[in-house]
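Structure at a glance
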Amino acid sequence: MADGAAQPGAELLAFERFREASAQPLAYGYGHGQRGLRELRAREFGRLAGTVYLDHAGATLFPQSQLTSFTRDLLENVYGNPHSQNISSKLTQDTVEQVRYRVLAHFRTSPEDYSVIFTAGSTAALKLVAEAFPWAPRGPESSGSLFCYLTDSHTSVVGMRMVATARNVTSIPVRPEDMRSAERRGAAASDPDCQLPHLFCYPAQSNFSGTRYPLSWIGEVTSGRVCPVSAPAPGRWFVLLDAASYASTSPLDLSAHPADFVALSFYKIFGFPTGLGALLVHHRAAPLLRKTYFGGGTAAAYLAGEDFYIPRPSVAERFEDGTIPFLDVIALKHGFDALERLTGGMENVQQHTFTLAQYTYTALRSLRYPSGAPVVRIYSDSAFRSPEVQGPVINFNVLDANGRVVGYSQVEKMASLFNIQVRTGCFCNTGACQRHLGISDEMVKKHLQAGHVCGDDVDLVDGQPTGSVRISFGYMSTLEDAQAFLKFIIATRLRPQSSQPVPQAAPGEAGTAPAETEAQSTVPATVPTTVPATVPNTVPTTGHITVSTVPATAHRPSLSPREDTPTACRTGNGWPPAVGAVRLHPPLEATRPLQVPPEKAAAAPGGGLGPHVITNLFLYPIKSCAAFEVTQWPVGHQGLLYDRSWMVVNHNGICLSQKQEPRLCLVQPRIDLQQRIMVIRAKGMEPIEVPLEENGEGAQICQSKVCADRVNTYDCGEKISSWLSRFLGRPCHLIKQSSDFQRKAKKSRGKGQSAGAQATLSLVNEAQYLLINTSSVLELQQQLHASDENGREELFPMRDLISRFRANIITSGASAFEEEKWEEISIGSLHFQVLGPCHRCQMICIDQQTGQRNQDVFQKLSESRERKVNFGVYLMHLSLDFPSPCFLSVGSQVLPVLKENVECHDLPASEKHQNVVS
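Below: a short report on this structure. For clarity, every value in this text was computed on a predicted model and none was experimentally measured. (Residues numbered from 1 in each chain as written. Predicted model: local features only at pLDDT ≥ 70, side-chain atom pairs only at ≥ 80, totals over all residues. Heavy atoms only, no water.)

Turning our attention to the overall build of the chain. What the chain contains, in helices and strands, is 22 helices and 40 strands. Counting across all 918 residues of the chain, residues that qualify as buried make up 55%. Here the contacts in the chain between residues at least 6 apart in sequence split such that 74% fall between residues at least 24 apart. Accessible surface, the chain as shown: approximately 38600 Å² in total, 51% of it carbon and sulfur. (Helix = DSSP H or I, 4+ residues; strand = E, 2+ residues; numbered from the N terminus. Buried < 20%, exposed > 50% of the residue type's maximum accessible area, 1.4 Å probe, protein only. Contact = heavy atoms within 4.5 Å. Areas by Shrake-Rupley, 256 points an atom, 1.4 Å probe, with all protein chains shown as cover.)

Spatial strand order, S24-S23-S39: three strands in an open sheet with antiparallel pairing. With partners counted over all chains shown, the strands left at the sheet margins are strand S24 (639–640) and strand S39 (887–889), one partner each. Here two bridges tie strand S23 (residues 632–636) to S24, and the two strands are oriented antiparallel to one another. Bridging across to S24, valine 635 finds its partner in leucine 640. (Pairing = 2+ DSSP bridges.)

In this section: the pairing of S23. Taken across its five residues, S23 has five buried, putting it largely inside the fold. Alignment of S23 against S39, held across three bridges, turns out to be antiparallel. In the sheet register, proline 634 faces S39, and the bridge partner there is phenylalanine 887. The antiparallel hairpin formed by S23 and S24 contains two residues in its connecting segment.

Where strand S36 (residues 822–827) meets strand S37 (residues 830–839), four bridges bridge the pair, whose relative direction is antiparallel. By the bridge assignment, isoleucine 827 is partnered in S37 with leucine 830. The hairpin formed by S36 and S37 contains two residues between the paired strands, and glycine 828 there has a positive phi angle of roughly 60°. Bridge count for S37 against strand S38 (residues 870–877) is six bridges, and the pairing is antiparallel.

A few words now on the packing of aromatic side chains. On inspection of all chains with the given rule, the structure shows 30 aromatic pairs. Residues phenylalanine 70 and phenylalanine 272 carry aromatic rings whose centres are separated by 5.8 Å and whose planes lie at 50° to one another, so their mutual orientation is tilted. One end of the pair, phenylalanine 70, is in helix H3 (residues 64–76); the other, phenylalanine 272, is in the loop between helix H10 (267–270) and strand S8 (277–282), with 202 residues separating them in the sequence. Classification of phenylalanine 70 by relative accessible area gives buried; the value is 7%. Residues phenylalanine 485 and phenylalanine 488 carry aromatic rings whose centres are separated by 6.3 Å and whose planes lie at 50° to one another, so their mutual orientation is tilted. In this pair, phenylalanine 485 and phenylalanine 488 both sit in helix H17 (residues 479–493), three residues apart, roughly one turn of the helix. Comparing phenylalanine 485 with phenylalanine 488 shows no difference in burial state: the two are buried. A connected cluster of aromatic rings, assembled from ring pairs, spans Phe133, Trp135, Phe147, Tyr149, Phe238 and Phe261. (Phe/Tyr/Trp six-rings, centres within 6.5 Å; stacked < 30°, edge-to-face > 60°.)

The next subject is the side chain of threonine 343. Here threonine 343 lies in helix H12 (residues 326–343). For threonine 343, the side chain forms a polar contact with the main-chain nitrogen of glycine 345, separated by 3.2 Å. (Polar contact = N/O pair within 3.5 Å; in protein donor to acceptor, adjacent residues only side chain to side chain.)

A few words now on the pattern of salt bridges. Should the charged atoms of two oppositely charged side chains come close, the side chains can pair. Per the stated rule, a full pass over the model turns up 24 salt bridges. Linking glutamate 97 and arginine 100 is a salt bridge whose minimum nitrogen-to-oxygen distance equals 2.9 Å. Here glutamate 97 and its partner arginine 100 are both found in helix H4 (residues 87–106), three residues apart, which amounts to about one turn of the helix. Glutamate 97 sits in the partly exposed class, given a relative accessible area of 34%. Between aspartate 260 and arginine 284 there is a salt bridge, with its nearest N and O atoms 2.7 Å apart. Pair noted here: aspartate 260 is in the loop between strand S6 (236–242) and strand S7 (261–265) and arginine 284 is in the loop between S8 and strand S9 (299–303), with a separation of 24 residues, a long-range link. (Salt bridge = Lys/Arg side-chain N within 4 Å of Asp/Glu carboxyl O.)

Written out as structure tokens, the structure reads:
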């Protein structure tokens, strides 16, 4: 639970009480109850320590002993290509055939009834049936074959209709309720002599909701007792069973329910190997399958110069084109061994996983807000009473106290802060998603027009959900997993909330005037400027933010971002040597906390908040590492010079962020423009230097990826690689974007940008700059403190909150979240387009001074910002033609231009007759 007393309905359902209340005996664990399961987890799945994995319907996890046994097998035996005749090849052939028998035995059948065709997964198995089924096209004298599929089917099933259409075959979607009606209705008498082939495909278990459809449909359809379509369809019906989801946690007895075709994916059952599935083909259907291609290993004989081809006699040999992944097939033997040794069989897995699902479902349904409103909306066709009708899958959406859906991407982000891994979206099952969420065909098309595509995080369109959240259990799941998930829902939805009003800050009242520091005295005397007494000043610090006021006579960097210098403007990384002479404030060790008395944090009389100015400037030379605070800094084509020019990658070349490695925030880069070096520090490590530019021909060029963009980079060398690897405790490298590589921005150009010009990006995610408004941060701080029952005033100091958002430009003088109404801003001669709000991820929950996580910031933003975690706005240069060397400076005035569609009544009184805010 979160701090504070639980609200009514927030008590966690006791597992023993749940078991006692059950009408049927419930099995948990495998022979030794909870103790045995905990030991199994510790021994076989130690990598799960601290993680709650609830996406077993997506991919289950392999046990350590399975991998160990398989590795030992490979090290002790020589397995050759099975198409050869030598000793090692014969060993492979025999082992593969033994695995085929093992697969059939697992599904309670034998080679006398079925053949096993190994495929690249269940999708490949489904595609094989679509392409090889003996479709009869529509014609003048025949209505042709029918392809019927349950609407609650995976995308890979629905996609079969494309093959059917190409063969001039009619495809008919069948709703689950229509199929159940057909069961009750029975089939009309048909012509027993008609052999027109039809195919009906349905999942044994819905991958969306876990609903288990009757296996009895197989016999009823193939016998002609039930017809999937209401109109008479003379002919012979075949059944393709999609068993990929069902077989992962349940026994499938094909001797009792002999489907013509069964599609499987083995990683759903064992976790390893991936990319391997099978199509089980009943011998009654095998002779009907047709091939239009033959590959290596499938031909008994053929001629290269003549259309002559004789296929192999067995079904498997005819359809397994090329060399099968025989080592992966051999790995299946070790998967079966481990599963049976650890669980005792699929019957035990089914009972164990269903018990966890039924308990979690019962507990979720009991959760209520104080008003009595439900906390979640569960999408299910069953009441979780029996594993015969329901698998270990729970699909739901979280609701707020008013009954509105909380977007699934926000739930997923919050869950990750609790180290809980769930699945979100529509799960490649649009039909079930539409039926359960009430999404019409027109709404799907409207969502597409709004920018939503399958697999993205656009979770709400006009307040309506586009998908949901799914949790699923595997054979190694525990009661602790289920309860951790329930506690997460309780902690994030039912903890006490506060409705106290939130004051806003007025500029000039954010603290007291500090004494002049050494940093201030080092400002070049050639650029003195008189600053109004209310303009906040930033004192450079080491990883901390301090906002204060300065006397009106203090000397400050120029309010203009331009320096009086004859040097021609250079905006790339190749700045002229003169730039190195710009004297920047060195970081200080001292910090001063931001203090904002609540009674003073109010808007200025008349609704104005005073001039908009820059109070802080930050760049982040190494992506996801600590900020480098400056009072004045050159501007380049890609943003602040050297901002996000470097990044840390793992041993596979994948970019590391604080989401995977929070300790990155403790790596402190500092740039010295005069010496042309970056100095990197971290606690317990000797400082290390990295040159700002590559060393010419000696640089090792490599390809990396940032936000789906391929970027050319170079490795900064083994010395810094070893330094980072020692500090982070994992192999990694420091790489820098090549100076001659330009990464084009995806956003459209601004009004003032020429048609041929296109903005370029460094290693940032979205845009060149990120701006946040101090008043917005203050409002969030007040909300966080109002929610804290313990009254800890410095629970979230302003400097710490600001640092979490990792912005480049911090401003004051605007009301809270006014920045989201801006279309453009000008700072001296520089003009920027506001691209829109920054959609926040879990990184804002990481304290940038300690690397510790706290989910309160993310949750509070999610609650207060209409369930969308937006904070700050992205900026992009409007014009790429800088008149001379350009700088951004603390104290510079910011001139926003409001969006045209902003209503006047949203603005302070002093701004209602102008669209440029001064």
